[in-house]
Amino acid sequence: IEGFADAGTYDSYYCHPVEGRYSTNRPVQHVVVRNDTSLGLPDIQQLCFELCFLYQTWSHTTKLPAPTQCSHKLAAYMTERMEHGAMQQLRDH
């Protein structure tokens, strides 16, 4: 698949910031596709782990870093709005 990040080609690591309260949690694999910073892989891992504690609407850790959670929410919201707009256009015609 074009653009797919192969973990064998890029630096990758697993992050497991949440504790399993009700079941066993699986770690999330993060693949560093591009690193234009002077941060090494251990620093990127630490930053990713710390960002899992910064999601505004959740008081505990999240499985994914806050920027990833926020972008997922934004994409879902925009999809919903676009579908709503398309449905409105169909009703108007």
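Shown above is the structure to which this text applies.
Structure report, in brief. Values in this document were obtained by computation on a predicted structure and should not be read as measured data. The numbering scheme is per chain: residues are counted from 1 as the chain's sequence reads. Residues qualify for local features only when their pLDDT is at least 70, as the model is predicted, and side-chain atom pairs are given and counted only at 80 or more; totals for whole chains, interfaces and linings, by contrast, use all residues. Remark: hydrogens and water are excluded; side-chain values derive from all non-hydrogen atoms of the structure.

**Some thoughts on the overall build of the protein**
Step number 1: Tallying secondary structure elements over the protein gives two helices and two strands in all.
Step number 2: Secondary structure elements of the protein occur, N-terminal to C-terminal, as β-β-α-α.
Step number 3: Note on exposure labels: buried denotes an accessible area under 20% of the residue type's maximum, exposed denotes more than 50%, and partly exposed covers the range between, all computed with a 1.4 Å probe on protein chains only. Here the protein, with 93 residues, has 17% of them falling under the buried criterion.
Step number 4: Accessible surface area values rest on a Shrake-Rupley calculation with a 1.4 Å probe, where residue burial reflects the displayed protein chains alone. Accessible area of the protein: about 7700 Å², with a carbon and sulfur share of 55%. What counts as a helix is a DSSP run of H or I of at least four residues, what counts as a strand is a run of E of at least two, and both are numbered from the N terminus.

**Let's talk about the nonpolar core**
A general tendency of soluble globular proteins is for nonpolar side chains to be buried together.
Step number 1: Put simply, buried Ala, Val, Leu, Ile, Met, Phe, Trp, Tyr and Cys residues joined by side-chain atoms within 4.5 Å make one nonpolar core. If you look at the biggest cluster of nonpolar residues, it comprises six residues: Y13, C15, V32, I44, C48 and C52.
Step number 2: Residues are treated as being in contact if the distance between any of their heavy atoms lies within 4.5 Å. Setting aside residues up to four positions removed in sequence, C48 forms contacts with Y13, C15, H30 and P65.

**Points about the pattern of salt bridges**
Step number 1: We count a salt bridge whenever a side-chain nitrogen from Lys or Arg sits within 4 Å of a carboxyl oxygen from Asp or Glu. Here the structure, examined in full by the defined rule, presents one salt bridge.
Step number 2: Its salt-bridge partner being D36, residue R34 comes within 2.8 Å of it at the nearest N-O pair. Neither R34 nor D36 differs from the other in exposure class; each is exposed.

**Some remarks on the side chain of Q69**
Step number 1: Here Q69 is to be found in helix α2 (residues 66–92).
Step number 2: When near neighbours in sequence (up to four residues on either side) are disregarded, Q69 contacts Y55, T62, K63 and L64.

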